[in-house]
Amino acid sequence: MTAAEIARLAGVGRAAVSNWRRRHGDFPKPVGGTETSPSFALAEVEAWLRAQGKLAEVPLRERVWQQVAGHPAGASTALVHTGCALLLVRERPTAWKTAAAGSDARCAELLPLAVAQVLDGRLGGEWLRAVRTPDPAALASSVPLLRAAAELAAQDGPSQVYEFLLGRHLDANPRQYTLTPAGPAALMAALAGRPRTVLDPACGTASLLRAVLEAGGEADRPSTLYAQDADPDLAALAALRLALCADARATEVRAAAADTLRADVFRQVAVDAVVSHPPFNERNWGHDELAYDPRWEYGFPARTESELAWVQHALARLRPGGTAVLLMPPAAASRRSGRRVRADLLRRGALRAVVALPAGAAPPYGVPLHLWVLRKPAAGTGPGARNAPQLLVVDTADLSEAGRDRLDWAALHTAVLGTWQAFDSAGTVEERPGVSRAVPVIELLDDDVDLAPARHLPPPAADGGAAELATATEELADTLRLTAELTPRTGTGAGAEAGAGAPPAHWPVTTVGELARAGALVLRTGSAGGGPDGARVLTEQDVLTGSAASGTSADAGDGDAVLTEPGDVVVPVLGGGAVARVIDRAGAGAVLGRNLHLLRPDPAALDPWFLAGFLRGTANNRQASSYASTAARLDVRRLQLPRLPLADQRRYGDRFRALAAFEDALRLAGRLGERLVQRWYDGLADGTVPPEQPSEQR
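Residues numbered from 1 in each chain as written. Predicted model: local features only at pLDDT ≥ 70, side-chain atom pairs only at ≥ 80, totals over all residues. Heavy atoms only, no water.

- An unreviewed UniProt entry lists the protein under the name N-6 DNA methylase, with Streptomyces cremeus given as the organism.

Now the structure itself:
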């Protein structure tokens with residue numbers, strides 16, 4: 001287990017674990033990992049924590065996960081073995097109890113036969129399925145894990161346990177896997193309709209097929225799910241995940257491990273729907289050896305157009321009238337090397353819709369990806385047929401605030417699905433400037449065949465035209481007047497002159513660390529963990545810009561999360577800037593994000609505005625900052641503030657509060673000014689605002 005996992009186990013911050021390693025000579029020695037990221041034995045860490053009184057008992061969920069993470073054959077193998085055991089617990093509980101009744105060695109001997117039988121029943125014969133039956137030697141080191149997983153399944157259920165373990169594994173290895181988040185997965189499943197048979201030819205961990213499974217009601221569940229992936233580990237994990245999620249009486253699962261484009265296991269299958277998040281920008285997808293493959297009905301894809309190869313593979317596996325929904329990079333809609341294939345997809349009526357998602361919807365998160373919705377033409381449809389004379393284009397960029405944690409998937413889902421269903425039933429849809437339009441195919445068949453939705457949508461009119469500009473101007477003027485009123489002044493007269501040249505005060509000072517030890521404040525550290533379900537996360541950027549909490553909880557239900565309260569002072573620790581924010585009632589209840597420190601003063605000893613104001617001093621921040629790397633890091637415990645009576649603190653606090661209000665007004669004026677300027681540009685550009693100024697018109 002890593003230092004971060006030890007911190008989670010003990011309910012402390014990661015810095016506390018580093019302190020334990022330095023201060024306690026008997027702290028367990030690393031057993032693996034690297035010098036900068038060591039790993040430790042769970043049993044040794046557990047014994048040390050308990051001896052130190054820092055741990056009562058390791059929760060069963062945490063124990064099972066640590067056994068998975070520390071498995072000698074690797075976490076993927078551990079998850080496969082665990083999935084097999086959980087499937088046996090669910091499908092044949094008597095067989096599991098019989099195998100588990102003996103010693104570990106006896107259990108390892110009995111399990112393969114029982115597992116083989118349940119895998120044959122759920123995933124098909126050994127020749128096809130992605131999960132191979134583990135032998136006794138392979139299972140020998142896994143038996144303690146399987147017993148613990150079965151015990152946890154008795155509490156939570158086999159499917160829930162596997163989802164928890166798989167989710168932990170994926171979270172711990174974010175760079176190893178390309179995942180499809182729940183938001184786009186649910187939207188793609190809804191666009192696919194209510195299919196009875198579904199294929200994902202690049203299934204990964206089966207997020208899309210699981211979304212299809214969850215989208216249908218009891219009567220609409222798919223009868224068969226087909227999954228294939230080139231990575232054997234992913235194919236096995238996907239197969240077990242689907243087998244544990246699906247009702248064995250209603251849905252069959254067939255999964256295979258092979259390169260889909262080069263070795264299509266399901267070449268004889270015709271399905272109702274294909275959903276896929278294929279790999280992007282592949283050069284070695286089989287261009288040379290697949291030149292005469294019958295799947296290229298719409299044209300042989302160029303070497304640089306691997307995505308169009310996946311599109312045609314999806315169409316080849318559909319029954320006539322079947323639907324395919326693919327997550328695509330935006331370049332696939334406009335690259336010149338793919339224009340001939342795109343043109344034939346349009347002429348034949350195979351491509352029905354292109355939906356542009358906001359940036360942050362799915363990895364790579366910095367790129368606004370597209371959804372392509374395709375429909376396999378009926379048999380006998382030729383290139384000259386006009387069975388789909390229009391293409392639906394939808395741009396959702398303005399429907400949700402850009403950013404990985406800020407997308408309103410409920411609004412996106414409603415807008416996209418409603419528009420698609422109206423178009424699919426009527427063959428056209430009412431135009432919405434800047435959002436959606438049914439484009440005649442003839443307009444798209446030019447030299448570029450560019451399908452990017454934004455290029456075919458009329459721009460939305462500037463909000464309100466000249467009247468809206470007048471309102472925005474008045475709003476900015478009111479804010480500027482407020483800013484002028486809040487501008488700090490030093491006063492007038494001889495006293496002010498004397499004060500302007502007064503030497504710095506020499507107060508007795510204390511530090512945040514001393515105040516924390518004395519109990520005058522509580523110091524907490526933010527993390528990447530989540531909090532209560534639905535809680536927002538206060539991020540470092542929110543504090544720097546004075547914005548409301550904008551992050552989303554990454555691990556809902558984590559009891560270690562720090563929640564803000566009114567009067568808390570939040571300080572960023574990176575960047576070397578002088579920033580401190582006092583939490584008001586509107587900002588309370590947010591989860592404290594990573595790279596943030598929270599100071600919770602005792603109101604009987606410290607005024608929060610006094611505290612925040614002195615923490616923002618430039619000299620104070622300079623002396624408390626270090627440069628161990630290329631970025632400055634603030635040691636919050638070294639920040640200083642004067643020792644003053646509470647009454648004097650409140651006098652300073654009132655002035656600091658007024659400065660904060662002035663700062664907020666300046667930020668608001670800046671945002672309003674930028675918005676007003678952009679509206680002027682938009683209004684002049686689309687003709688809703690005449691170029692003459694009001695004085696010129698008179």
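Having seen the model, we can carry on.
Comments concerning the overall build of the protein
Okay, step 1: Within the protein one finds 25 helices and 22 strands.
Okay, step 2: Here the protein holds 698 residues, and the buried ones make up 47% of them.
Okay, step 3: Counting only contacts in the protein whose residues sit at least 6 apart along the sequence, the fraction spanning at least 24 positions is 73%.
Okay, step 4: Counting only carbon and sulfur atoms, one obtains 52% of the accessible surface of the protein, whose full area is about 32,900 Å². (Helix = DSSP H or I, 4+ residues; strand = E, 2+ residues; numbered from the N terminus. Buried < 20%, exposed > 50% of the residue type's maximum accessible area, 1.4 Å probe, protein only. Contact = heavy atoms within 4.5 Å. Areas by Shrake-Rupley, 256 points an atom, 1.4 Å probe, with all protein chains shown as cover.)

Description of the pattern of salt bridges
Okay, step 1: Tallying each qualifying case throughout the model produces 36 salt bridges.
Okay, step 2: Between Arg147 and Asp104 there is a salt bridge, with the nearest N and O atoms lying 3.0 Å from each other. In this pair, Arg147 sits in helix α9 (residues 143–156) while Asp104 sits in helix α7 (residues 104–123), placing the two residues 43 residues apart along the sequence.
Okay, step 3: On the basis of relative accessibility, which here comes to 35%, the residue Asp104 falls in the partly exposed class. (Salt bridge = Lys/Arg side-chain N within 4 Å of Asp/Glu carboxyl O.)

Considering the sheet that holds strand β8 (residues 351–356)
Okay, step 1: Reading across from one edge, β5-β4-β3-β6-β7-β9-β8-β10-β11 is the order of the 9 strands in this open sheet, with mixed pairing throughout. Edge positions in the open sheet fall to β5 (252–257) and β11 (436–440), since each of these has one partner strand only. The average undirected angle you get between the axes of adjacent strands in this sheet is 15 degrees.
Okay, step 2: Looking at chain direction, β8 and strand β10 (residues 390–395) are connected through 4 bridges and run parallel. Note on β10: the bridge partner recorded for Val355 is Val394.
Okay, step 3: Against the sheet, helix α12 (residues 207–215) contacts β3 (197–200), β4 (224–229) and β6 (271–276), and its axis sits at roughly 160 degrees relative to β3. (Pairing = 2+ DSSP bridges. Axes fitted to C-alpha atoms, helices over the stretch in contact; angles between N-to-C directions.)

Brief notes about the packing of aromatic side chains
Two numbers describe a pair of aromatic rings. These are the distance of the centres and the angle of the planes.
Okay, step 1: A complete count under the given rule lists 12 aromatic pairs for this structure.
Okay, step 2: On the numbers, 5.8 Å between centres and 85 degrees between planes, the contact of Phe27 with Phe40 is edge-to-face. Of this pair, Phe27 sits in the loop between α2 (14–23) and β1 (32–33) while Phe40 sits in the loop between β2 (38–39) and α3 (42–51); the two residues are 13 residues apart in sequence, bridging distant segments of the chain.
Okay, step 3: Residue classification places Phe27 among the buried residues on the basis of a relative accessible area of 4%.
Okay, step 4: Ring centres of Phe614 and Phe656 lie 5.5 Å apart, and the angle between their planes is 85 degrees; this geometry places the pair in the edge-to-face category. Of this pair, Phe614 sits in helix α22 (residues 608–615) while Phe656 sits in helix α24 (residues 646–686), and the two are 42 residues apart along the sequence. (Phe/Tyr/Trp six-rings, centres within 6.5 Å; stacked < 30°, edge-to-face > 60°.)

Some thoughts on the confidence of the model for the protein
Okay, step 1: On average, residues of the protein score 86 in pLDDT, and 90% of them reach the 70 mark or higher.
Okay, step 2: Counting interchain partners and residues more than four positions distant, the pLDDT-below-50 stretch residues 493–499 has 2 contacts.
Okay, step 3: Note on residues 554–559: pLDDT under 50 across the span, and 12 contacts to partners over four residues away in sequence or across chains. (pLDDT = per-residue confidence, 0-100.)

Considering the side chain of Thr224
Okay, step 1: Here Thr224 shows up in strand β4.
Okay, step 2: Look past the residues within four positions of Thr224 in its chain and what remains in contact with it is Arg196, Thr197, Val198, Thr251 and Glu252.

A few points about the packing of helix α5 (residues 75–91) against helix α10 (residues 158–172)
What describes two packed helices is the angle between their axes and the distance between those same axes.
Okay, step 1: Direction vectors running N to C along α5 and α10 enclose 170 degrees, while the axes themselves pass 10 Å from each other. Our classification of the angle between α5 and α10 gives roughly antiparallel. Contacts between α5 and α10 involve Ala75, Ser76, Leu79, Thr82, Gly83, Leu86, Val89 and Arg90 from the former and Pro158, Val161, Tyr162, Leu165, Leu166 and His169 from the latter.
Okay, step 2: Its residues placed into classes, the contact of α5 with α10 shows 9 nonpolar, 4 polar and 1 charged. (Parallel < 35°, antiparallel > 145°, perpendicular 65-115°, else oblique. Nonpolar A, V, L, I, M, F, W, Y, C, P; charged D, E, K, R; others polar.)

A look at the sheet that holds strand β16 (residues 569–572)
Okay, step 1: If you trace the 4 strands from one edge of the open sheet to the other, you get β13-β19-β16-β17, paired in antiparallel fashion. Across the chains shown, the open sheet's two edge strands, defined by having one partner strand only, are β13 (521–525) and β17 (581–582).
Okay, step 2: Where β16 lies against strand β19 (residues 596–601), 4 bridges are found, and the strand directions are antiparallel. Directly across from Val569, in β19, lies its bridge partner Leu599.
Okay, step 3: Contacts from α22 reach β13, β16, β17 and β19 within the one sheet, and its direction differs from that of β16 by about 15 degrees.

Concerning the pairing of β4
Okay, step 1: Of all 6 residues making up β4, 6 are buried, and the element is well covered by its neighbours.
Okay, step 2: Here β4 shows no split at all, with Thr224, Tyr226 and Gln228 on one side and Leu225, Ala227 and Asp229 on the other all buried.
Okay, step 3: In this structure, β3 lies alongside β4, joined through 4 bridges in parallel fashion. The partner of Val198 across the bridge, within β4, is Leu225.
Okay, step 4: In this view, the connection linking β3 to its parallel neighbour β4 by way of α12 has right-handed handedness.
Okay, step 5: Sheet topology places β4 next to β5; 6 bridges connect them, and they run parallel. Residue pairing for β5: Ala227 is matched across the bridge by Ala255.
Okay, step 6: Assessed by its sense of winding, the connection that carries the chain from β4 through helix α13 (residues 232–245) to β5 is right-handed. (Right-handed = clockwise from strand over helix to strand, strands pointing away.)

Focus: the pairing of strand β9 (residues 370–375)
Okay, step 1: The buried fraction of β9 is high, at 6 of 6 residues.
Okay, step 2: Residue alternation in β9 divides its side chains into two sets, His370, Trp372 and Leu374 and Leu371, Val373 and Arg375, and both sets are buried.
Okay, step 3: Relative to β9, strand β7 (residues 318–328) runs antiparallel, the two sharing 6 bridges. Residue pairing across strands places Leu326 opposite Trp372, the latter belonging to β9.
Okay, step 4: Across 5 bridges, the pairing between β8 and β9 is antiparallel. Across the sheet, Leu351 pairs through a bridge with Leu374, a residue of β9.

Considering the packing of helix α1 (residues 3–10) against α2
Okay, step 1: Two elements in contact, α1 and α2, have axes separated by 8 Å at closest approach and are oriented at 105 degrees. Compared by their axis directions, α1 and α2 come out roughly perpendicular. Across the interface between the two elements, Ala3, Ala4, Ile6, Ala7 and Ala10 from α1 touch Arg14, Val17 and Trp20 from α2.
Okay, step 2: Among the residues making up the contact of α1 with α2, the classes are represented as 7 nonpolar, no polar and 1 charged.

Details of α22
Note that an α-helix has 3.6 residues per turn; residues three or four places apart therefore point the same way.
Okay, step 1: Of all the 8 residues making up α22, 8 are buried; the element is thus mostly covered by neighbouring parts of the structure.
Okay, step 2: The backbone nitrogen of Trp609 lies 3.1 Å from a side-chain oxygen of the residue at the head of α22, namely Asp607. (Polar contact = N/O pair within 3.5 Å; in protein donor to acceptor, adjacent residues only side chain to side chain.)

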